[in-house]
Amino acid sequence: MSHTKGPWSMRERYIEILDSTVTMDVFAVTANRAEDTVCEIPMDASNAEANARLIAAAPDLLEACRHMIMEWRLHGSLTDSARVGEAAIAKATKGEVTQ
């Protein structure tokens, strides 16, 4: 099983549903320079933007985990992986690396 290749990004989008009779503002998570839609999250939920950011960061978070495992197996250290992980977390959380 494979997923849509990253990087993914998040942006606001206005969509029309049911032959333009219903409209909705959404956070769209897209790939391939916004040509492929990964998902759309209605903006009406209070945590919609945070969820969209987390989904958009999924490929980066997966890569950070893979990098961590590889670095640990090869070097027994996670120094470089911490940098990669922090960048992925920052993307997912709008820059908030620590909680």
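Draft legend 1. Expanded view of the pattern of salt bridges. Under the definition given, this model contains 4 salt bridges. The residue Glu 40 makes a salt bridge to Arg 13 at a minimum N-O spacing of 2.7 Å. Taken together, the residues Glu 40 in strand S3 (residues 36-42) and Arg 13 in strand S1 (residues 8-17) connect sequence positions 27 residues apart. The class for Glu 40 is partly exposed, based on a relative accessible area of 34%. For Arg 13, a relative accessible area of 17% gives the class buried. In this structure, the salt-bridge partner of Lys 91 is Asp 60, at a minimum N-O distance of 2.9 Å. Here Asp 60 lies in helix H2 (residues 58-75) and Lys 91 lies in helix H3 (residues 79-93), a separation of 31 residues in the sequence.

Draft legend 2. View of the sheet that holds S1. Spatial ordering of the open sheet is given by S1-S2-S3, a layout of 3 strands whose pairing is antiparallel. Strand pairing shows two members of the sheet lacking a second neighbour, S1 and S3, which therefore form its edges. Along the sheet, successive strands turn relative to each other by an average axial angle of 35 degrees, direction set aside. With 6 bridges connecting them, strand S2 (residues 22-31) and S3 associate as antiparallel partners. From the neighbouring strand, Ala 31 faces S3, where its bridge partner is Asp 36.

Draft legend 3. Seen up close, a nonpolar patch on the surface. On the surface, Met 68, Ile 69, Trp 72 and Leu 78 cluster together to form a nonpolar patch covering roughly 370 Å² of accessible area. Position of Met 68 among the secondary structure elements: in helix H2.

Draft legend 4. Geometry of H3. With 15 residues, H3 ought to run about 21 Å at 1.5 Å a step, and its terminal C-alpha atoms sit 21 Å apart, in line with that. When H3 is considered as a whole, its buried residues turn out to be Ser 81, Val 84, Gly 85, Ala 88 and Ala 92. Looking straight down H3, one finds its buried side chains confined to an arc of 100 degrees; they lie on one side. Turned more than 90 degrees from where H3 packs its buried face, Thr 79 and Arg 83 sit exposed. For H3, the elements touching its buried residues are helix H1 (48-56) and H2. Of the residues one or two after H3, Lys 94 is the one with positive phi, at around 60 degrees.

Scoring rules and cut-offs
Residues numbered from 1 in each chain as written. Predicted model: local features only at pLDDT ≥ 70, side-chain atom pairs only at ≥ 80, totals over all residues. Heavy atoms only, no water. Salt bridge = Lys/Arg side-chain N within 4 Å of Asp/Glu carboxyl O. Helix = DSSP H or I, 4+ residues; strand = E, 2+ residues; numbered from the N terminus. Buried < 20%, exposed > 50% of the residue type's maximum accessible area, 1.4 Å probe, protein only. Pairing = 2+ DSSP bridges. Axes fitted to C-alpha atoms, helices over the stretch in contact; angles between N-to-C directions. Patch = residues over 30% accessible without salt bridge, like charges linked within 9 Å, V, L, I, M, F, W, Y side chains within 5 Å. Areas by Shrake-Rupley, 256 points an atom, 1.4 Å probe, with all protein chains shown as cover. Expected span 1.5 Å × (residues − 1). Arc of directions from axis to C-beta. Contact = heavy atoms within 4.5 Å.

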